[in-house]
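# Close look at the chain arrangement
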Amino acid sequence: MTCAKERSVQELIDSIPDLVNYFYNDTLGPHARDRAALTPVPPQFTNWLDEQRAWRETAVLFDQSHHMPELFLKGPDAFRLLNYLGINSFEGFVPGRAKQYLACNHNGQVIGECVLQYLDKESFELISGSHLQNWVQFHAETGGYDVTFVKDYQTSQNPHGRTNFRFGMDGPHAEKIFQEVVEGPAPEIPFFRFAKVRIAGVDMLALRHGMAGHKGVELSGPYAGGPKVRAAIVEAGRKYGLRQGGARAYFSTNGEAGWWPYPLPAVYTDERLRAFREWLPAATSWESASQLGGSFRSPNIEDYYVTPWDLGVERVLKFDHDFIGRAALERRAREPHRTKVTLVWNKEDVARIQASILEPGLPFKQLELPVSAYAFQQCDEVRSTSGELVGMSSFCGYTANEAEFLSLAAVWPSHAEPGTDVVLTWGEPDGGSRKPHVERHRQTQIRAKIAPSPYSQAVRTMKRAGFQHAG
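We now turn to the structure provided with this report. (Residues numbered from 1 in each chain as written. Predicted model: local features only at pLDDT ≥ 70, side-chain atom pairs only at ≥ 80, totals over all residues. Heavy atoms only, no water.)

## Brief notes about the sheet that holds strand β7 (residues 164-170)
Judged by pairing direction, the sheet is mixed, and its 6 strands sit side by side in the order β8-β9-β10-β7-β1-β11 without closing on themselves. Since the sheet does not close on itself, it has two edges, and those belong to β8 (194-199) and β11 (242-245), each with one partner. Mean inter-strand twist for the sheet, computed between neighbouring axes without regard to direction, equals 25°. One ladder, built from 6 bridges, connects β8 with strand β9 (residues 202-208); its direction is antiparallel. Residue pairing for β9: A195 is matched across the bridge by A206. Strands in contact with helix α6 (residues 174-181) are β1 (59-63), β7, β8, β9, β10 (217-222) and β11; relative to β7, the strand with the most contacts, it is inclined by about 130°. (Pairing = 2+ DSSP bridges. Helix = DSSP H or I, 4+ residues; strand = E, 2+ residues; numbered from the N terminus. Axes fitted to C-alpha atoms, helices over the stretch in contact; angles between N-to-C directions. Contact = heavy atoms within 4.5 Å.)

## Brief notes about the nonpolar core
Formed by 102 residues in total, the largest nonpolar core has its most connected members in Y101, V136, L343 and W345. Not counting the four nearest positions on each side in its chain, L343 is found in contact with V382, S393, F405, L406, S407, A409, V422, L424, A448, K449 and I450. (Core = buried A, V, L, I, M, F, W, Y, C linked by side-chain atoms within 4.5 Å. Buried < 20%, exposed > 50% of the residue type's maximum accessible area, 1.4 Å probe, protein only.)

## Things to note about helix α5 (residues 130-142)
Taking 1.5 Å per residue as the helical rise, α5 with its 13 residues ought to reach 18 Å, and the 18 Å between its terminal C-alpha atoms agrees with that figure. Counted residue by residue, α5 has 11 buried out of 13 residues, so it is predominantly covered. Inspection of α5 places S130, H131, L132, Q133, N134, W135, V136, Q137, F138, H139 and A140 among the buried residues, and these make up the whole buried set. Of the residues trailing α5, G144 is marked for its positive phi of about 75°. (Expected span 1.5 Å × (residues − 1).)

## Thoughts on the pattern of salt bridges
The final tally for this structure, using the stated rule, is 32 salt bridges. For E235, the salt bridge identified is with R238, shortest N-O distance 2.9 Å. Take E235: its relative accessible area is 49%, and that puts it in the partly exposed class. Between R383 and E381 there is a salt bridge, and its shortest N-O distance comes to 3.1 Å. Classification of R383 by relative accessible area gives partly exposed; the value is 26%. Connected through shared salt-bridge partners, E70, E125, D152, R162, R166 and E218 make up one network. (Salt bridge = Lys/Arg side-chain N within 4 Å of Asp/Glu carboxyl O.)

Listed below in structure tokens is the structure:
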């Protein structure tokens, strides 16, 4: 991945006196959510409000073919490598199954996560999660493992073209459309498992996966066949009210679904990770393009690191195997830790922020719709009503299905009970950072109430049922 003349992430870090300040002011986020030009998917096919409502009322089809990198890993040692790096249990993990795959550093802080598919004997596919894919590839190259790999970069960094298309379909009618469009009998696929199907003459994998609480499906196959498959799904879905979802609606799903995307990778400080940082190329790796933003500011970059408990994924943590970070996570499991929650923003405060552009003077930081987070790693202060810092808020945005502004947050147990009142600081200090898309603004306080995560009851029910079945 690197060559002798390439500048490494370690060299970049060594050249910067204040890494937090650099990420806060001087980088462009590498993800299409924050930079629309990085994906050819249109912002909206019709309008994002109806596209949001489609996953609750009818069905929605998303094109995920362009923004997620993939890593294909093969070889006799592939299983052993993934098992050693992941905090997940691999007990009973066999071809045809998938899992949310997570890796931590030696201190039990999250490096990244992705969807891992067990394709065939000695063959795996890692979907999305650029930071975690880099971590896996580094060990594959340097750890003496008998494996081979192919990295399929996202469209914006891929001069060769994508290997696979990837479509996600969800909503109450998604299963009916899937049943109709598949050639021959459609297989019954349990949660987070996949099967081979054929649509419009194209062979592909169908992964049972959803973000809206229904029997969603994620379809992936050879990229050239994507247009035919999309056309067949759109035609079959016409009578069911299927809508194609654009990038704005797609990236807004997190509020209802409760997925905390792409936290800051915990790789910048530990001396045990120096070899990894020296291997990482600064010019192309996402680690060098992290982009902090929001009201939370700390001079210590480790204060932006998160644990599995912060992300609400501690259920995947299993101490049934040896893995990097195990000892630290065993200690953390016995200690107090933050909990992932949803913050429901006060509607009067939301309206007050939006109205500020119609008033004299400097307005508040505007709330873009439907995704209001304005940094690749959004970090906003969450305080108690008495002013104590009790947590950090990340993704934020609007959902038409709930008619609410929501954000995901990690808070201490003392303030994690649903219904608890907290206060979020909105906007950046000193008029805003130097990020080019951040307008000059002033800070304000937003009242919020703690709610469960995921916020959608349908999603919570689906996940409980899926995890119980998988277990």
